[in-house]
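If you want the building blocks of each chain, they are given just below.
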Amino acid sequence: MSGRGGRAVAVLGTLDTKAAECGYVRDRLLHAGLRPVVVDCGVYEPDASGSVAPDVPRTEVARAAGHDTAALARAGNRGAAVTAMAEGARATVLRLRAEGRLDAALAVGGTGGTSIAAHALRALPLGVPKVAVSTAASGDTRPYVAESDLVLMPSVVDVAGLNSVSARILANACGAVAGMMAAPPPEHRAAGPAVAATMFGVTTPAVTRARRLLEERGREVLVFHMTGIGGRTLESLVDQGALNGVLDLTTTELADELAGGVMSAGPTRLTCGGPGTPRVVSVGALDMVNFGAADTVPERFGGRLLHVHNPAVTLMRTCAEECAELGARLAERVAALEAPAAVVLPLRGISALSMDGGPFHDPAADAELFAAVRAGLEGTGVRLVELDTEINDPKFADTAVGLLDDLMRASAHTKGD
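Residues numbered from 1 in each chain as written. Predicted model: local features only at pLDDT ≥ 70, side-chain atom pairs only at ≥ 80, totals over all residues. Heavy atoms only, no water.

Draft legend 1. Region of interest: the pattern of salt bridges. Applying the stated criterion across every chain yields a total of 23 salt bridges. The salt bridge involving D405 is made with R219; its shortest N-O contact spans 3.1 Å. Of this pair, D405 sits in helix α13 (residues 394-415) while R219 sits in the loop between α8 (204-216) and β7 (220-225); the two residues are 186 residues apart in sequence, bridging distant segments of the chain. Across the pair, exposure class does not vary: D405 and R219 are buried alike. Among the charged side chains, a network of salt bridges with common partners joins E235, D248, E253, R269 and R279. (Salt bridge = Lys/Arg side-chain N within 4 Å of Asp/Glu carboxyl O. Helix = DSSP H or I, 4+ residues; strand = E, 2+ residues; numbered from the N terminus. Buried < 20%, exposed > 50% of the residue type's maximum accessible area, 1.4 Å probe, protein only.)

Printed below as a string of structure tokens:
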């Protein structure tokens, strides 16, 4: 081991190119009273000038994924090598965690090193401190962070040797990890079974009321903002069996998936049943597709009804044809869930913008949506409830919560809980 005593911090880096940086990080962590465990994620021999010996050598990391570093080096395929070492690093950090040798993790690297480390660190449980100092931290970080709580810290300068700037950044990163580990456990504790709720600005009143009702029933409510990453995170938690129920009132990400908006959650949205996790689904905000500033709306949508939400967000009203397709997709996915499910439709408006008098009020388009949902659910056994109200009416939230209560009670009875 790199030191004695203290809580363990895995230090991930490619020692063939980042040995000096990893050595500096190791020394700073030791100075903070922590126990660094250096994991070499590189393919080639470590840089001798870095004066840091790995606790987990590269050969062991590669072997954890069924690969050999010599073979990877001979092949000369950087992409394949990064993929292989990423899988090995993932298996390695999980093993270290299981062995009690990982209480936190800190990675250092460029885009390749960050890809390896991020793939590994995303596998660690939520709440385990995980920080990566990276040249990629100031760009599109979604491929690295995904649904995790990984913290990316911009390296400012390239991760290419120690200098007055890089040393300061790395020292700050070590301090951040040390501070996270020293923080006392949170006082907040789960009040009861965890229930997820999906929300957008235009469905906030409905979800706010539903959250209060659920909390009064002893549930812990986790609200997810449906911006793409919110839906992916939700589905990931369902798939892991981390939730007792889902109040999926806002399925707007399906519209972005269909029309190419910027807040798509991808094809896994509304597809994870987990271990029979009950879900109540609605059509909240399927009246809109999200784009950036007005001048970013694709030319093919010229002439469509747009609403400028703010200077950075422009909403496009879904047309009747799109609504019909969205209704069919929603019904198909709900019917395929391997979990108890129900659908509730607010017939007088599916968002704050599409109620009577709103800028997206279009009863004909909404009618196509509702008709497609009805047709898609016919004969499936999924309960369908239709309400002559708009989505933010208190009656809608009351009904949706009641449906979820019924499904959760029935599910618990079936499981013998």
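So, next bit.
Draft legend 2. Fine view of the environment of A339. For A339, the position within the fold is in the loop between α11 (320-336) and β13 (341-346). A relative accessible area of 16% places A339 in the buried class. Residue contacts for A339: discarding those within four places in its chain leaves G273, G276 and T277. (Contact = heavy atoms within 4.5 Å.)

Draft legend 3. Local environment of the sheet that holds strand β4 (residues 130-134). Taken in spatial order, the five strands of this open sheet run β2-β1-β3-β4-β5, and their pairing is parallel. Each of the sheet's edge strands pairs with one partner strand only, and the pair in question is β2 (35-40) and β5 (151-154). Here the strands of the sheet are splayed against their neighbours by 20° on average, with no regard to which way each runs. Looking at chain direction, strand β1 (residues 8-13) and β2 are connected through six bridges and run parallel. Looking across to β2, one finds that L12 is bridged to V39. Helix-sheet contacts for helix α1 (residues 15-31) involve β1, β2 and β3 (104-109), and the interaxial angle to β1 is about 160°. (Pairing = 2+ DSSP bridges. Axes fitted to C-alpha atoms, helices over the stretch in contact; angles between N-to-C directions.)

Draft legend 4. Quick peek at the packing of helix α4 (residues 78-98) against helix α5 (residues 111-121). Two elements in contact, α4 and α5, have axes whose closest approach is 7 Å; the angle formed by their N-to-C orientations is 35°. Here α4 runs over α5; the crossing is right-handed. Residues R78, V82, M85, A86, E87, A89, R90 and V93 of α4 form the contact with α5, whose own contacting residues are G112, S115, I116, H119 and A120. The residue makeup of the contact of α4 with α5, split by class, is seven nonpolar, three polar and three charged. (Left-handed = near helix turned anticlockwise from the far one by under 90°. Nonpolar A, V, L, I, M, F, W, Y, C, P; charged D, E, K, R; others polar.)

Draft legend 5. The sheet that holds strand β6 (residues 194-199), seen in detail. The strand order across the open sheet formed by six strands is β7-β6-β8-β9-β13-β14, and the pairing between neighbours is parallel. Every other strand in the sheet has two partners, leaving β7 and β14 (383-387) as the edge strands with one partner each. Across the sheet, the mean angle separating the axes of adjacent strands is 20° when strand polarity is ignored. Lying on the sheet, helix α9 (residues 229-240) is in contact with β6, β7, β8 (245-250) and β9 (279-284); it crosses β7 at an angle near 140°.

Draft legend 6. Quick peek at the packing of aromatic side chains. Applying the stated rule across the entire model yields one aromatic pair. With a centroid separation of 5.7 Å and 45° between ring planes, the pair formed by F291 and F301 is classed as tilted. In this pair, F291 is assigned in strand β10 (residues 288-291) and F301 in the loop between β10 and β11 (306-310), connecting sequence segments 10 residues apart. F301 carries the same exposure label as F291, and that label is buried. (Phe/Tyr/Trp six-rings, centres within 6.5 Å; stacked < 30°, edge-to-face > 60°.)

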